[in-house]
Structure formats: structure tokens, C-alpha cells
Amino acid sequence: MKLKLISCEVLYREMCDAVARSPHQVDVEFFTKGLHDLGGAKMRSQLQARVDATQGYDAVLMGYALCGNGVAGLTARAVPLIIPRAHDCIALLLGSRERYQQYFDANQGVYFRSTGWLERGESLEQLRRTGTGSTLEELIERYGADNGTYLFEELHRYRSTYRQLTYIKTGLEPDGSFEARAEEEAVQRGWAFEKVTGSLTLFRSLVNGDWNDADFLTVPPGYRVAVRYDDSIITAERCEP
């Protein structure tokens, strides 16, 4: 098969490893992590434009989960879309949404890191524009007292909700530097630190064409992605004529 993969760059190493091992021809296009921070509608618009421009392939593979509804409404045109059934990329990195849920239930207030989050997730175009990293005084000067204070509180809310940083090790790390950076970040934030072993299973299944219905949604041409509020997460619905 000839496949097109459109993916978030946070999954760069995992996707490249999977593509190198795939028996199929897989052409790849990555979007920056900052795409998420534009909001669901704008994220979907940019993804749809790339899907619409893709021709001559047997399928378009999405290296995204539901991601804040960023793929909700995404429409298959001439070729089917293949999308992992997951709420976000942490489930992909852990190998299944069931394992993610189990870990989440047992570890409340966890912030995750991986190689991609460490080397690509910290330079966020949208967050730089909205003020992450700015002091309260800087935000007040830029947006006024009320708006600046509100933005500061919202942008730093995670400090009170997260208690632990968990590093997902997939086996693709060149050395121990990524783990060391994650542990250092946990220390700086006053959080507990834990390392867990990730899985490359879903990445390889995606590019190998192993699209079982439990883990992947196949969206036929003329259908679009719709959100389901159950374990299936997403489904395909026919577009209005």
C-alpha cells in the first residue's frame, strides 16, 4: 500500500521508527505541537486542508488522537482516514487507552513527558503568544490588571493540580539525557518523579495497516469523524449531501 501519514511532531521519533519498519510506502508530514494550542476548530481546519490536498494514496493515517476535539469533524474525501481511538497521545505512547486509564486512576495529578514532549513540546508558538513564562507584572502591563491577573492564574493553574511527573520511556532514547531532564523538571517543580515503560505497538500497527476496529477508526470517503462519549471515543458518520 501507499500511505500518507499526517502527524504531530511530538510523536516524531516513534513515528519515524515505525515508518522505517513498515512494509508499505509511507510518506510523512509533521505539524508542530503549537497546532493544538490554536483550539479545536482551527486545528481541524489546518488538518482538513492537508487531508484535502492528499491524493493518490490508499489511505491517510492520522498521527493524532482526539486531541481536544481537533480531529472531530475531520472528513475523508477520496481516500479513507485511519485514526487511533484515543483521547490524547499519552494513550498512544503507553500502548493502549486501557493502560492509560488504569495508570491515571492509580496516579491522580500526573504530568507526562516523553522524548517528543521534551525536545519539541516546550517551544509552543501559541503559548508564547498568550504569555506562558511571563510574570504577573508583565501580563498586567500587556493586558491590564483584571485580564492580566486572570491569564496568570489560568496559565499557572497546573502547579496546584499536578503532583507527579511521569516519564514514558519507549526504548528509542539515544541515552539517558531525556530521562535526566524529566527528573530534573520534576525536582524543580517539587513533584514526585516516576518512569514507566511505553509501547510502540500502536505506532507500528498504524503504519503497517493493522487497523483493528478496537484501536483504530476507519473513516470511509464521504464520512466524517464524530465524537462518542463511550469507550469507542470516535465514530464515522455520513456527511450531509
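What comes next is a walk through the structure. Note that this is a predicted model, so its numbers are computed, not measured.

Considerations on the overall build of the chain
- The helix and strand tally for the chain stands at eleven helices and ten strands.
- Relative to its 241 residues, the chain shows a buried fraction of 44%.
- For the chain, long-range pairs separated by at least 24 residues make up 64% of all intrachain contacts whose partners lie at least 6 apart in sequence.
- Total accessible area on the chain stands at roughly 12,000 Å², and carbon and sulfur atoms take up 47% of it.

Comments concerning the packing of helix α1 (residues 12–21) against helix α11 (residues 201–208)
- α11 packs onto α1 with a crossing angle of 45° between their chain directions and a minimal axis gap of 9 Å. One finds that α1 runs oblique with respect to α11. Crossing angle aside, the handedness with which α1 passes α11 is right-handed. Contact residues: Glu14, Met15, Asp17, Ala18, Val19 and Arg21 in α1; Phe203, Arg204, Leu206, Val207 and Asn208 in α11.
- Classifying every residue of the contact of α1 with α11 by side-chain character gives six nonpolar, one polar and four charged.

Regarding the sheet that holds strand β2 (residues 25–31)
- If you trace the five strands from one edge of the open sheet to the other, you get β2-β1-β3-β4-β8, paired in mixed fashion. Both outer strands of the open sheet, β2 and β8 (216–219), are each paired with one neighbouring strand and no more. Here the strands of the sheet are splayed against their neighbours by 20° on average, with no regard to which way each runs.
- Note: strand β4 (residues 81–84) against β8, four bridges, orientation antiparallel. Across the sheet, Ile83 pairs through a bridge with Leu217, a residue of β8.
- Packing against the sheet, α1 makes contact with β1 (2–8), β2 and β3 (59–63), and its axis sits at approximately 170° to β2.
- Across the sheet, helix α2 (residues 40–52) is in contact with β1, β2, β3 and β4; its angle to β2 comes to roughly 150°.

Here we look at the packing of aromatic side chains
- In the structure shown here, the tally under the stated rule is six aromatic pairs.
- Consider the rings of Tyr111 and Tyr162, whose centres lie 5.1 Å apart with planes at 75°: the pair is edge-to-face. Taken as a pair, Tyr111 in strand β5 (residues 110–113) and Tyr162 in the loop between α9 (158–161) and β6 (164–169) lie far apart in primary sequence, 51 residues in all.
- What makes Tyr111 partly exposed here is its relative accessible area of 25%.
- Their ring planes at 55° and their centres at 5.9 Å tell us that Tyr162 and Trp191 sit as a pair that is tilted. Here the residue Tyr162 occupies a position in the loop between α9 and β6, and Trp191 occupies one in the loop between α10 (177–189) and β7 (192–197), the gap between them amounting to 29 residues.
- The class for Tyr162 is partly exposed, based on a relative accessible area of 27%.
- Taken together, Tyr100, Tyr103 and Phe112 form an aromatic cluster joined through their ring pairs.
- The cationic tip of Lys2 hangs over the ring face of Tyr57; the distance from NZ or CZ to the ring centre is 4.9 Å.
- The residue whose ring lies beneath Arg120 is Tyr12, and the NZ or CZ to ring-centre distance is 4.3 Å.

Topic: the nonpolar core
- With 57 residues, the main nonpolar core has Leu47, Met62, Tyr64 and Ile90 as its most contacted residues.
- At six residues, the largest contribution of residues to this core is made by helix α3 (residues 89–94).
- Among all residues touching Leu47, those that are not within four sequence positions of it are Ile6, Phe31, Leu35, Met62, Tyr64, Gly70, Val71 and Leu74.
- The next biggest cluster of nonpolar side chains, apart from the first, holds seven residues, and it includes Leu118, Phe178, Ala186 and Trp191.

What about the layout of surface pockets?
- For the second largest pocket, the calculated volume is near 250 Å³.
- If you trace the second largest pocket, you find it lined by His87, Ala91, Arg97, Glu98, Tyr100, Gln101, Phe104, Asp230, Asp231 and Ile233.
- Here the element with the most residues in the lining of the second largest pocket is helix α4 (residues 97–106); it accounts for five residues.
- A per-class count over the lining of the second largest pocket returns four nonpolar, two polar and four charged.

Section: the sheet that holds β7
- Sheet architecture is open: three strands sit in the order β5-β6-β7, paired in parallel fashion. Because the sheet does not close on itself, it has two edges, and the strands there are β5 and β7. This sheet shows a mean twist of 25° between the axes of neighbouring strands, independent of strand direction.
- Pairing of β5 with β6, which is carried by four bridges, proceeds in the parallel orientation. Along β6, the bridge assignment pairs Phe112 with Thr166.
- Most of the contacts of α10 go to β6, to which it runs at about 175°, and overall it touches β5, β6 and β7.

What counts and what doesn't
Residues numbered from 1 in each chain as written. Predicted model: local features only at pLDDT ≥ 70, side-chain atom pairs only at ≥ 80, totals over all residues. Heavy atoms only, no water. Helix = DSSP H or I, 4+ residues; strand = E, 2+ residues; numbered from the N terminus. Buried < 20%, exposed > 50% of the residue type's maximum accessible area, 1.4 Å probe, protein only. Contact = heavy atoms within 4.5 Å. Areas by Shrake-Rupley, 256 points an atom, 1.4 Å probe, with all protein chains shown as cover. Axes fitted to C-alpha atoms, helices over the stretch in contact; angles between N-to-C directions. Parallel < 35°, antiparallel > 145°, perpendicular 65-115°, else oblique. Left-handed = near helix turned anticlockwise from the far one by under 90°. Nonpolar A, V, L, I, M, F, W, Y, C, P; charged D, E, K, R; others polar. Pairing = 2+ DSSP bridges. Phe/Tyr/Trp six-rings, centres within 6.5 Å; stacked < 30°, edge-to-face > 60°. Lys NZ or Arg CZ within 6 Å of the ring centre and 35° of its normal. Core = buried A, V, L, I, M, F, W, Y, C linked by side-chain atoms within 4.5 Å. 1 Å grid on protein atoms, 1.4 Å probe; cavity = no way out; pocket = protein on both sides within 12 Å on 5 of 7 lines; lining within 4 Å. Points joined across faces, edges and corners; volume = space filled by probe spheres on them.

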